[in-house]
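Secondary and tertiary structure notes
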Amino acid sequence: MKKEIVINSSPHEVRIAMLEDGEVVELLLENADSKRIVGNVYLGKVSSVKPGLQAAFIDIGLERAGFLHASDLDHDDSQTNEGGSATRGRRSRFVPNIQDVLKVGDPILVQVTKEPISTKGPRLTADISLPGRYLVMMPKGRHIGVSRKIEDRQERVRLKQILQTHRSDEGAFIIRTAAEHVDENGIRQDVEYLSGLVRKIMAARDEVQAPALVHEDVGMVVGLIRDIFKEDTDRLVIDDKDDFQRLVGYVKDFAPELKGRIQLYKGDLPIFDQFNIEPEIRKTLDKRVWMKKGGYLIIEPTEALVSIDVNTGRFTGRRNQEETILQTNMLAAREVARQLRLRDVGGIIVIDFIDMENEGNKKRVFNELKQHLKRDRARHKVFQVSGLGLVEMSRQRVRPSLLSQVSDPCPYCHETGKVLSMETMSNRIERLVHRIAIVFREKRLQIQASPVLALYMLEERPGQFRELSRNFDLELNVMDDASLHVEEFRIISLGSGKDLIAEFEKKTRGAGGR
């Protein structure tokens, strides 16, 4: 498989695309005014302690306080993953009562593990973990761990022995996947770099007053190079000369063998157009995703979960129905795995594959999904097909999804994705005119509505309002007002000029209060 990283860098935004065999599989964005804070270390101040949640809210100087759970107060020396977070043992280990450890006003050193998402503040931990090229260091721990992805037993032992020789007495270390087959010098340099970084953070902590930033993680570009630019990446192409030189300087120190794979883009077309990435970005805003052969996915994010529905669409196949459905589901399994990475979908995900009768075919589709999810850097867990034929899974959420990063809530439909139909609005106006005519005994009324709604009433429903005029002996006219929302309208008295809707609501509220 050919792996490439393409970086579009400008003063206001950095965009990083990861390609596998020419196909975009991941897209990372960072704006100048909304830089990521995951990995940053702060000296925070406890703003409130919630014993019922076994958590505390920590002021770190941002708009919203961070959330710190009792289980994240100290280091767990059981099995941990590359990021330094515990994957096993948390339930059985001792977790102190939050109210016994923290009081309002206490200073505490914390690190951001999840970006603020929606109305939630950042997720925090007091168990700091600092990633290097080959190692992750956790100052509060003592153990040595090795990434599970390094499967060779002899290599695991070799790396542990090298690390044991060069590590200091304090701090836990995780040996990252990138360390496989690296020489002793590489490990030694990482130990020295990370140990020095810990000393700087502790010194900075003593010099500031909470809340304050103590350590800022490397930027997105360098962080990505540190974490994923490895020997299996064929090339990295970047279009900014300053960032190119910065990357070359970083790689020269930490991974000199990769220096020749970094290229400065000098083409005439914008780099994302040259690599056909721009159209993929636009497609990520669509909920419908077309697949080869005519099938498609419908991806619907909700507050609780993300649902993905698989449809055959225009694909009819050449054999029997079961074979057509199997082919569609197999394509969908691959595309779902790609879309989750591309859109950076996190949380609970429910996939509704097309129903199949054959149990063997169900297993094939499930295995296909799991196989393609192995390429995903985010932690995830997939559950077997349920009795309703659904595949449920969870995916690590570290930052807001791509959709939420590039879009704002619609001020028109108020995030519902729907507006009331013209028929509904017309009937609503008719009922309100009826009630106003009875209560105020007005004889001359003007209905002001959006141009679309006004045209509908005049051309599609003229009989409805003629009958209303006849029944109540009214003079009714309709006027369009482009400033009105399609769901807004006014009913004005032509005699007094008053807004009768507001008057009617006052009168009915007053009557209801008596």
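Cut-offs applied
Residues numbered from 1 in each chain as written. Predicted model: local features only at pLDDT ≥ 70, side-chain atom pairs only at ≥ 80, totals over all residues. Heavy atoms only, no water. Helix = DSSP H or I, 4+ residues; strand = E, 2+ residues; numbered from the N terminus. Rg over C-alpha atoms; globule rule 2.2 N^0.38 Å. Contact = heavy atoms within 4.5 Å. Areas by Shrake-Rupley, 256 points an atom, 1.4 Å probe, with all protein chains shown as cover. 1 Å grid on protein atoms, 1.4 Å probe; cavity = no way out; pocket = protein on both sides within 12 Å on 5 of 7 lines; lining within 4 Å. Points joined across faces, edges and corners; volume = space filled by probe spheres on them. Pairing = 2+ DSSP bridges. Axes fitted to C-alpha atoms, helices over the stretch in contact; angles between N-to-C directions. Buried < 20%, exposed > 50% of the residue type's maximum accessible area, 1.4 Å probe, protein only. Domains from an automatic or database assignment. Nonpolar A, V, L, I, M, F, W, Y, C, P; charged D, E, K, R; others polar. Core = buried A, V, L, I, M, F, W, Y, C linked by side-chain atoms within 4.5 Å. Parallel < 35°, antiparallel > 145°, perpendicular 65-115°, else oblique. Left-handed = near helix turned anticlockwise from the far one by under 90°. Phe/Tyr/Trp six-rings, centres within 6.5 Å; stacked < 30°, edge-to-face > 60°. Lys NZ or Arg CZ within 6 Å of the ring centre and 35° of its normal. Patch = residues over 30% accessible without salt bridge, like charges linked within 9 Å, V, L, I, M, F, W, Y side chains within 5 Å. Salt bridge = Lys/Arg side-chain N within 4 Å of Asp/Glu carboxyl O. Lys, Arg positive; Asp, Glu negative; His and termini not counted. Charge placed at Lys NZ, Arg CZ, Asp CG, Glu CD.

1. Looking at the overall build of the protein chain
- Across its full length, the protein chain carries 14 helices and 24 strands.
- Taking 24 Å as the expected radius of gyration for a compact globule of 514 residues, we find that the protein chain reaches 30 Å, considerably beyond that expectation.
- Counting only C-alpha atoms, the protein chain reaches 100 × 70 × 55 Å along its principal axes.
- In the protein chain, of all internal contacts separated by at least 6 residues, the share reaching a separation of at least 24 is 67%.
- Roughly 27,900 Å² of accessible area belongs to the protein chain as shown, and the carbon and sulfur atoms make up 48% of that amount.

2. A look at the layout of surface pockets
- Volume-wise, the second largest pocket comes out at about 710 Å³.
- Taken together, 29 residues make up the lining of the second largest pocket; nearest its centre are Glu23, Lys292, Arg334, Glu335 and Arg338.
- Where the lining of the second largest pocket is concerned, the elements lending two or more residues are strand S3 (23-31), helix H7 (278-283), strand S16 (288-290) and helix H8 (321-343).
- The biggest single contributor to the lining of the second largest pocket is H8, with nine residues.

3. A look at the sheet that holds strand S22 (residues 444-449)
- What the three strands build is an open sheet, ordered S23-S22-S24; its pairing is mixed. The open sheet has two edge strands, strand S23 (475-480) and strand S24 (489-493), and neither has a second partner. The sheet shows a mean angle of 20° between the axes of neighbouring strands, direction not considered.
- In the packing of helix H12 (residues 451-459) onto the sheet, the strands contacted are S22 and S23, and the crossing angle to S23 comes to about 140°.

4. Quick look at the pairing of strand S18 (residues 306-311)
- What you see with S18 is a clean split: Val306, Ile308 and Val310 sit on the buried side and Ser307, Asp309 and Asn311 on the side with no burial.
- In terms of strand pairing, strand S17 (residues 296-301) meets S18 through six bridges, oriented antiparallel. Pairing of Ile299 across the sheet is with Ile308, part of S18.
- Linking S17 back to S18 in an antiparallel pair, the connection comprises four residues.
- Strand direction decides the pairing type here: S18 and strand S19 (residues 347-352), joined by four bridges, are parallel. Bridge assignment links Ser307 to a residue of S19, and that residue is Val350.

5. Topic: the pairing of S19
- As defined by bridge partners, S19 adjoins strand S21 (residues 390-395) across six bridges and the pair is classed as antiparallel. Across the sheet, residue Ile349 finds its bridge partner in S21, namely Met393.

6. Let's talk about the domain arrangement of the protein chain
- Annotation of the protein chain at the domain level lists domain 1 (3-35 + 220-277), domain 2 (40-76 + 95-215), domain 3 (286-406) and domain 4 (422-511).
- Averaged C-alpha coordinates put domain 2 and domain 4 at centres separated by 63 Å.

7. Focus on empty space enclosed by the protein
- In total, this model carries one cavity of 30 Å³ or more according to the counting rule given.
- For the largest cavity, the calculated volume is near 40 Å³.
- Around the largest cavity, the lining residues are Gly132, Arg133, Tyr193, Val218, Val222, Arg226, Tyr250 and Phe254.
- Of all the elements in the fold, those that place two or more residues in the lining of the largest cavity are helix H4 (220-228) and helix H5 (241-254).
- Among the residues forming the lining of the largest cavity, the class breakdown is five nonpolar, one polar and two charged.
- Looking at which domains feed residues into the lining of the largest cavity, each of domain 1 (3-35 + 220-277) and domain 2 (40-76 + 95-215) gives three or more.

8. Here we look at the sheet that holds strand S12 (residues 172-175)
- If you walk across this open sheet you meet the four strands as S9-S10-S12-S11, and the pairing is mixed. Lying at the two open borders of the sheet, with one neighbouring strand each, are strand S9 (130-131) and strand S11 (144-146).
- Pairing geometry for strand S10 (residues 135-138) and S12, over four bridges, is antiparallel. Following the sheet pairing, Met137 is matched in S12 by Phe173.
- The strands touched by helix H3 (residues 184-205) are S9, S10 and S12; relative to S10, the strand with the most contacts, the crossing angle is about 30°.

9. As for the nonpolar core
- If you look at the biggest cluster of nonpolar residues, it comprises 29 residues, and the most contacted ones within it are Leu297, Ile308, Leu340, Ile349, Ile351, Phe353 and Leu369.
- Listed by contribution, the elements that provide at least two residues to this core are S17, S18, H8, S19, helix H9 (359-373) and S21.
- In contact with Phe353, not counting residues within four places along its chain, are Val310, Asn329, Ala332, Ala333, Val365, Gly389 and Val391.
- In this structure, Val41, Leu43, Ile144 and Phe173 belong to the second largest nonpolar core, which totals 28 residues.

10. Considering the packing of H8 against H9
- At a closest axis distance of 8 Å, the pairing of H8 and H9 adopts a crossing angle of 20°. Considered as vectors, H8 and H9 are oriented roughly parallel to each other. The two elements H8 and H9 meet at a crossing, and its hand is right-handed. Contact with H8, carried on its side by Glu322, Leu326, Asn329, Met330, Ala333, Arg334, Val336, Ala337 and Leu340, involves Asn361, Arg364, Val365, Glu368, Leu369, His372 and Leu373 of H9 and no other residues of that element.
- Class assignment for the residues of the contact of H8 with H9 results in nine nonpolar, three polar and four charged.

11. Some details on the packing of aromatic side chains
- Scanning the entire structure with this criterion turns up two aromatic pairs.
- Seen in terms of ring centroids, Phe57 and Phe67 are 5.6 Å apart; in terms of plane orientation they differ by 70°. Their pairing is edge-to-face. Placement of the pair is Phe57 in strand S5 (residues 55-59) and Phe67 in strand S6 (residues 66-69), with a sequence separation of ten residues.
- Over the ring of Tyr296 we find Arg288, and its NZ or CZ is 4.4 Å from the ring centre.

12. Things to note about the side chain of Arg395
- For Arg395, the position within the fold is in strand S21.
- Judged by its relative accessible area of 6%, Arg395 falls in the buried class.
- Discounting chain neighbours no more than four positions away, the residues touching Arg395 are Leu340, Arg341, Asp344, Val345, Gly346, Gly347, Ile349, Asp376, Ala378, Arg379 and His380.

13. A look at a negative patch on the surface
- Residues Asp183, Glu184, Glu231 and Glu257 make up a contiguous surface patch of negative charge.
- Residue placement: Glu184 occurs in helix H3.

14. Side note on a nonpolar patch on the surface
- Residues Leu285, Leu403 and Val406 make up a contiguous nonpolar surface patch of about 230 Å² in total accessible area.
- Using a relative accessible area of 37% as the deciding quantity, one classes Val406 as partly exposed.

15. Comments concerning the environment of Glu503
- Tracing the sequence through the fold places Glu503 in helix H14 (residues 500-513).
- Through-space distance from the C-alpha of Glu503 to that of Phe440 is 9.3 Å; in sequence the pair is 63 residues apart.
- If sequence neighbours within four positions are ignored, Glu503 has contacts with Phe440 and Lys498.

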